[in-house]
Amino acid sequence: MTEQDQATAKGGRRIQEAPIHGPEGFEGMRRAGRLTAEALDILMEATVPGVTTDRLDRLAFEFAMDHGAYPASLFYRGYSKSICTSINHVVCHGIPNDKPLREGDIINLDCCLILDGWHGDSSRMAYVGEVPRKAARLCEITYEALMRGVAAVKPGGSTVDIARAIQTYAEAERCSVVRDFCGHGLGRTYHDAPTILHYVEASYDVPLKPGQFFTIEPMINLGRPAVKVLSDGWTAVTRDRSLSAQFEHTVAVTETGVEIFTVSPKGLHQPGLLQPVNPAA
């Protein structure tokens with residue numbers, strides 16, 4: 001789950017000092033990140049035509065309970081589910097319900113598990129059965145945008161390096177980057193500094209230092225970047241009803257570069273490994 005940093009000062013977004021973590025933090029985040037990735041592997045395999053997002057939510061909750069963890073989103077600011085399930089034109093924060101998934105849907109599965117006080121946060125796109133080529137292409141572009149953002153992380157760099165890598169690639173592919181939501185620091189706190197923008201904002205640039213933990217989670221639209229939040233107070237959708245996709249990793253700045261905490265143990269993070277694509281659609 002993402003949270004937009006609303007705290008701004010005159011002339012731009014307020015820059016807050018990001019926590020620096022040591023070896024204990026790295027070990028805690030490795031365990032939490034891996035467990036979250038394992039949960040997402042199970043959810044990816046269970047995402048088939050006819051399954052309900054409520055069923056996926058129950059799977060995530062049961063997995064967390066079986067492994068001594070707790071879903072960070074459950075009862076967070078009144079949210080009543082263990083994961084977010086954002087389908088087709090839903091940008092983020094889609095609420096699981098009893099409506100079955102349909103052949104050709106694409107869905108973002110967003111899960112954050114707390115293990116021994118540490119937060120592992122990640123999301124992936126899953127194909128529901130055979131999906132249209134344009135939907136698959138959007139997912140592929142979004143995943144590549146994420147990984148380009150991750151590759152830009154290094155000590156001595158800055159958050160604008162991440163933003164530029166994502167925005168430059170996505171817009172070159174004729175897609176748009178959502179501005180309303182962003183990545184965030186985390187660790188023992190769910191949402192912390194630094195804020196990670198996925199587009200370049202000239203007045204906001206935070207130095208990257210070893211020991212910082214944060215998410216990178218670009219939301220990319222096939223149409224325009226504008227979104228709106230529905231009356232439930234959570235579900236964000238594209239204003240033009242265009243398809244939207246998102247991928248997310250939790251990462252750390254290391255002494256030499258970047259460490260990803262939420263890599264899939266089964267290699268299922270990359271889109272399209274479980275389900276086919278319909279090239280004619």
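Residues numbered from 1 in each chain as written. Predicted model: local features only at pLDDT ≥ 70, side-chain atom pairs only at ≥ 80, totals over all residues. Heavy atoms only, no water.

1. Considering the packing of helix α3 (residues 133-151) against helix α4 (residues 159-172)
Thought 1: At a minimum axis distance of 8 Å, the contact between α3 and α4 shows a crossing angle of 155 degrees. Considering their axes alone, α3 and α4 lie roughly antiparallel with respect to each other. Of the two elements, α3 crosses α4, and the hand of that crossing is right-handed. Where α3 approaches α4, its residues I141, E144, A145, R148 and G149 are matched on the opposing element by I162, A165, I166 and Y169.
Thought 2: Counted by class, the contact of α3 with α4 contains six nonpolar, one polar and two charged residues. (Axes fitted to C-alpha atoms, helices over the stretch in contact; angles between N-to-C directions. Helix = DSSP H or I, 4+ residues; strand = E, 2+ residues; numbered from the N terminus. Parallel < 35°, antiparallel > 145°, perpendicular 65-115°, else oblique. Left-handed = near helix turned anticlockwise from the far one by under 90°. Contact = heavy atoms within 4.5 Å. Nonpolar A, V, L, I, M, F, W, Y, C, P; charged D, E, K, R; others polar.)

2. Some words on the environment of D116
Thought 1: Counting through the fold element by element, D116 comes out in the loop between β6 (106-115) and β7 (118-127).
Thought 2: A sequence separation of 47 residues divides D116 from A69, and the C-alpha atoms of the two residues are 7.4 Å apart.
Thought 3: Apart from residues no more than four positions distant in its own chain, D116 is found in contact with R31 and R188.

3. Focus on the environment of A72
Thought 1: Here A72 lies in the loop between β3 (70-71) and β4 (84-87).
Thought 2: Considered as a pair, A72 and D180 are 108 residues apart in the sequence and their alpha carbons are 21 Å apart.
Thought 3: Not counting the four nearest positions on each side in its chain, A72 is found in contact with C112, I114, H119 and Y190.

4. Brief notes about the pattern of salt bridges
Thought 1: In this structure the tally under the stated criterion is 13 salt bridges.
Thought 2: E17 serves as the salt-bridge partner of K209, at 3.8 Å between the closest nitrogen and oxygen. Of this pair, K209 sits in the loop between β11 (192-196) and β12 (213-216) while E17 sits in the loop between β2 (12-13) and α1 (23-46), and the two are 192 residues apart along the sequence.
Thought 3: The partner of K266 in a salt bridge is E45, and the shortest N-O contact between them spans 3.2 Å. (Salt bridge = Lys/Arg side-chain N within 4 Å of Asp/Glu carboxyl O.)

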